[in-house]
Amino acid sequence: MLKIYNTLSRKTEEFQTLDPGKVRMYVCGVTVYNDAHVGHAMSAIVFDIIRRYLEYRGYEVKHVMNYTDVDDKIINRANQLGEDPLQLSARYIADYANDLKSLNVLPATANPQVSKTMPLIIQFVEGLIEKGHAYPAENGDVYFRVNSDDDYGRLSGRKLEDMQAGARIEIGEQKENPLDFALWKAAKPGEISWDSPWGKGRPGWHIECSAMNLAELGEQIDIHGGGNDLIFPHHENEIAQSECYTGKEFSRYWVHNGMLQLGGEKMSKSLGNIISIKEFLAQRSSDVMRMLVLNGTYRAPLMFNDDTLDAAERNVERLKSTLKPASPSASGLNAGNASTLDMAVESAKTNFTEAMDNDFNTAGAIAVLFELSKSVNTARDNGANADQLQHAQDVFKQLAGVLGLTLEEKKGSSEQEAQVEALIAERTEARQQKNWKRSDEIRDQLKEMGVTIEDSKDGTTWKWS
RNA sequence: GGCGUCGUGGCCAAGUGGUAAGGCAAGGGUCUGCAAAACCCUCAUCACGGGUUCAAAUCCCGUCGACGCCUCCA
């Protein structure tokens, strides 16, 4: 039985879908105005793992991830660059999709955009006004009336009274209550805008997600996800809008990932301590980023530094060792050892599911993979042949795949590889002549080229390091 | 100040009542011409102080500390 921690109840609950066997999941995507960073990668990877595991468990998953392509920051950036805002955002949407692909994140089932959801957003706002949950102001803004929602604050555990104290109204706003938030913002001169019953303007930040949810997944969904920095106000406001509009419970489970930590604090655009996904991938593989995430708890802060990354890199290498082929000269496992391997495979499958069923305990799942890895490697050392390793390696690859690990080796150009092969051939000859000096020279040379070699009875193998 | 998450070996980190998974690092072995990889062995009583219980890292109270949100943010 799968259990998921629900931010709404602050408890781990049994997972039950609205429709049997089907999961409707909405994850808040990014605002597209510059390069995405590794914190975004963490979030994308977390929900990719959740999606993959749900599918592994037999669910049909509709996974929606939106793009916020209409926003103050986009408009500012576009002005700086002298570019059309929608053109700018289109560029970064393509860019982010590319980043996700590089990270082996499965494409979402749908990627709605604010700019393409305008009619529904306007309809949504009109509906809220009709029901008394929102009101247009004279300046052309439309605000959500928080006092009209008795449940307001239940996701973030806040009470309206507690929040009143620090809240204040910005200049130019015409709110009844400082905590009311904009559903629709009147256009400033020269800004990109859309026609509406309240004049030219654009949507507020929160309404877009409510509208896109409705468009893609309907009135009620199973899982709503995002970073835990979105709990308030974004998700709180989404709940208020959606539930006031439909009169139904919006999302059954609220799932939030923790923040990636760089130097003891959250990595974020506003703090400026950013490492972009592209910068990261120029140095390390996507598996390393994923391993870093897998090694921890998705809800907890994730330590991102050279030490944790180096360890993650070694972890990936260790897992890869599982897939090394049997020795061609293997004599075969005896019955006892073969049965030991079989049992290890079976318990790995069981333990993997048990770990992941417990609120996606990926650290536990990874430990299962390490244990299976050890069993396979031991079997190989004990003389298992290719046939005997096959099943265990297949299961291993399948489980690693559920976590989204590729375990692929790096590749070089064919010329580089030809050069490496030639050097290794030369070294093999030197070794046959017991010319250890020359042999070691070549090994050093290869190392400088980024090649690690391993000698065995069956010959020399190599890989890019 | 309010709300929330959390504090496990040198590092990352599982475990939420019955005497501490896994990985990295480190040390010792096997293998190897030497390496590398793999395999074997060694390495913690769970921030602190009380309490509940036959039994607590795990429940309760308090203290200290960290992080997140309360303004844009994955």
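In this report, we go over the structure that sits alongside the text. Residue positions are given per chain, counting from 1 as you read along its sequence in written order. Each chain is given a letter, starting from A, and each ligand a number, starting from 1, according to the order in which they appear as written. Only residues with pLDDT of at least 70 are given local features in this predicted model, and only at 80 or more are side-chain atom pairs given and counted; all residues enter the totals for whole chains, interfaces and linings. Note: side-chain values were computed over all heavy atoms of the structure, leaving out hydrogens and water.

## Thoughts on the overall build of chain A
Scanning chain A from terminus to terminus reveals 15 helices and 15 strands. Along the first, second and third principal axes, the C-alpha atoms of chain A reach 90 × 50 × 35 Å. In this analysis, two residues are considered to be in contact whenever any of their non-hydrogen atoms come within 4.5 Å of each other. The long-range fraction of contacts in chain A, counting pairs at least 24 apart against all pairs at least 6 apart in sequence, stands at 75%. The protein chains shown are the only cover counted for residues, whose accessible areas, like all others here, come from Shrake-Rupley with a 1.4 Å probe. Accessible surface for chain A amounts to roughly 21,800 Å². Of this, 47% is attributable to carbon and sulfur atoms. In summary, the charge assignment counts Lys and Arg as positive and Asp and Glu as negative, without counting His or the chain termini. Where a charge lies is defined by one atom per residue type, namely NZ (Lys), CZ (Arg), CG (Asp) and CD (Glu). Looking at chain A, you have 52 positive and 69 negative side-chain charges, and the mean spots of the two groups are 3 Å apart. Helix and strand definitions here come from DSSP, where helices need a minimum of 4 consecutive H or I residues and strands a minimum of 2 consecutive E residues; each element is numbered from the N-terminal end.

## Notes on the protein's contact with RNA strand B
Residue proximity to a molecule or strand is established when one non-hydrogen atom of the residue lies within 4 Å of it. In the vicinity of RNA strand B there are 65 residues, among which Lys73, Trp205, Gly227, Thr297 and Asn315 approach most closely. Taken together, the sugar and phosphate atoms account for 69% of what RNA strand B places within 4 Å of the protein. What qualifies as a polar contact is a pair of N or O atoms within 3.5 Å, subject to a donor-acceptor requirement within protein and to the restriction that residues adjacent in sequence count only when both atoms come from side chains. Here Arg158 contributes a side-chain N or O atom positioned 3.1 Å from a base oxygen of RNA strand B. Between RNA strand B and Lys266, the relevant distance is 2.3 Å, taken from a phosphate oxygen to a side-chain nitrogen or oxygen of the residue. In terms of residues, the surface near RNA strand B owes the most to one element, helix 12 (residues 362-381), which gives eight residues. We call Asp, Glu, Lys and Arg charged. Ala, Val, Leu, Ile, Met, Phe, Trp, Tyr, Cys and Pro are nonpolar, and the rest, Gly among them, are polar. Of the residues contributing to the surface near RNA strand B, the split by class is 17 nonpolar, 28 polar and 20 charged.

## Quick word on the side chain of Thr31
Secondary-structure assignment places Thr31 in strand 3 (residues 22-31). Accessibility expressed as a relative area gives 17% for Thr31, which makes it buried. Partly exposed describes any residue whose relative accessible area lies between the buried limit of under 20% and the exposed limit of over 50%, with all areas from a 1.4 Å probe on protein chains only and scaled to the type maximum.

## Quick word on the sheet that holds strand 5 (residues 134-136)
Whenever strands of a sheet pair, they do so through backbone hydrogen bonds, lying parallel or antiparallel. Strand pairing requires that DSSP identify at least two bridges connecting the strands. The four strands lie next to each other as 5-6-7-8, forming an open sheet whose pairing is antiparallel. Each of the sheet's edge strands pairs with one partner strand only, and the pair in question is strand 5 and strand 8 (201-203). Strand-to-strand twist across the sheet, computed as the mean angle between neighbouring axes with direction ignored, equals 20 degrees. Two strands pair when backbone bridges link them, and strand 7 (residues 181-186) and strand 8 are joined in this way by three bridges, in the antiparallel orientation. Within strand 8, the position partnered with Ala186 by the bridge is Gly201. Axes here refer to lines fitted to C-alpha atoms; in helices the fit is confined to the stretch in contact. Angles between the N-to-C directions go from 0 to 180 degrees.

## So, helix 9 (residues 286-294)
Counting buried positions over the nine residues of helix 9 gives nine, a clear majority of the element. The complete set of buried residues in helix 9 reads Ser286, Asp287, Val288, Met289, Arg290, Met291, Leu292, Val293 and Leu294.

## Some words on the state of the cysteines
In what follows, a disulfide is any cysteine sulfur pair within 2.5 Å. The final tally for this structure, using the stated rule, is zero disulfides. Cys28 supplies the cysteine sulfur nearest to Cys209, a cysteine that is in no disulfide, at a spacing of 4.0 Å. Owing to a relative accessible area of 1%, Cys209 belongs among the buried residues under this scheme.

## Some details on the packing of aromatic side chains
Any Phe, Tyr or Trp ring, taking Trp's six-membered ring, that has another such ring centre within 6.5 Å forms a pair; planes under 30 degrees apart are called stacked, those over 60 apart edge-to-face, and the others tilted. All told, the structure shown has 16 aromatic pairs when counted by the stated rule. Note on Tyr56 and Phe352: the rings are 6.0 Å apart at their centroids and 85 degrees apart in plane angle, and the pair reads as edge-to-face. Placement of Tyr56 in helix 1 (residues 38-56) and of Phe352 in helix 11 (residues 335-357) is noted, with a sequence separation of 296 residues between them. Through pairs of rings, three or more aromatic residues link up here, namely Tyr53, Tyr56, Tyr298, Phe352 and Phe360. Two thresholds decide whether a charge sits over a ring: the Lys NZ or Arg CZ must be within 6 Å of the ring centre and within 35 degrees of the ring normal. Here the basic side chain of Arg158 rests over the ring of Phe232, its NZ or CZ set 4.2 Å away from the ring centre. It is Arg299 that lies over the ring of Tyr5; its NZ or CZ is 3.8 Å from the centre.

## What about the nonpolar core?
Nonpolar side chains in soluble globular proteins tend to end up buried together. Put simply, buried Ala, Val, Leu, Ile, Met, Phe, Trp, Tyr and Cys residues joined by side-chain atoms within 4.5 Å make one nonpolar core. Grouped together as the largest cluster of nonpolar side chains are 83 residues, with contacts concentrated most on Tyr96, Ile223, Met289, Leu319, Phe352, Ile366 and Leu403. Ranked by residues supplied to this core, first place goes to helix 1 with 11 residues. Note that the domain bounds were set by an automatic or database domain assignment. Mapped onto the domain boundaries, this core takes at least three residues apiece from domain 1 (3-266) and domain 2 (314-402). If near-sequence neighbours (up to four positions away) are discounted, Met289 is found in contact with Val38, Ala41, Met42, Ile45, Leu103, Leu260, Phe280 and Phe304. The next biggest cluster of nonpolar side chains, apart from the first, holds 44 residues, and it includes Cys28, Leu160, Trp198 and Ile239.

## Re unusual backbone geometry
Note that the residue after Phe232, namely Pro233, is joined by a cis bond; omega there is 5 degrees. With respect to the secondary-structure elements, Pro233 resides in helix 7 (residues 231-246). Its identity as a non-glycine residue notwithstanding, Arg10 has a phi of 60 degrees, on the positive side. Here Arg10 shows up in the loop between strand 1 (3-6) and strand 2 (11-14).

## Points about the pairing of strand 9 (residues 221-227)
Counting buried residues along strand 9, seven of its seven residues qualify, which places the element largely inside the surrounding structure. Taken together, the three bridges between strand 3 and strand 9 define a ladder with parallel strand orientation. Looking at the pairing, Tyr26 lines up with His224 of strand 9. Read from strand 9 through helix 7 to strand 10 (residues 251-257), the crossover connection turns out right-handed. Whether a crossover is right-handed depends on one test, that the path from the first strand over the helix to the second runs clockwise when the strands point away from the viewer.

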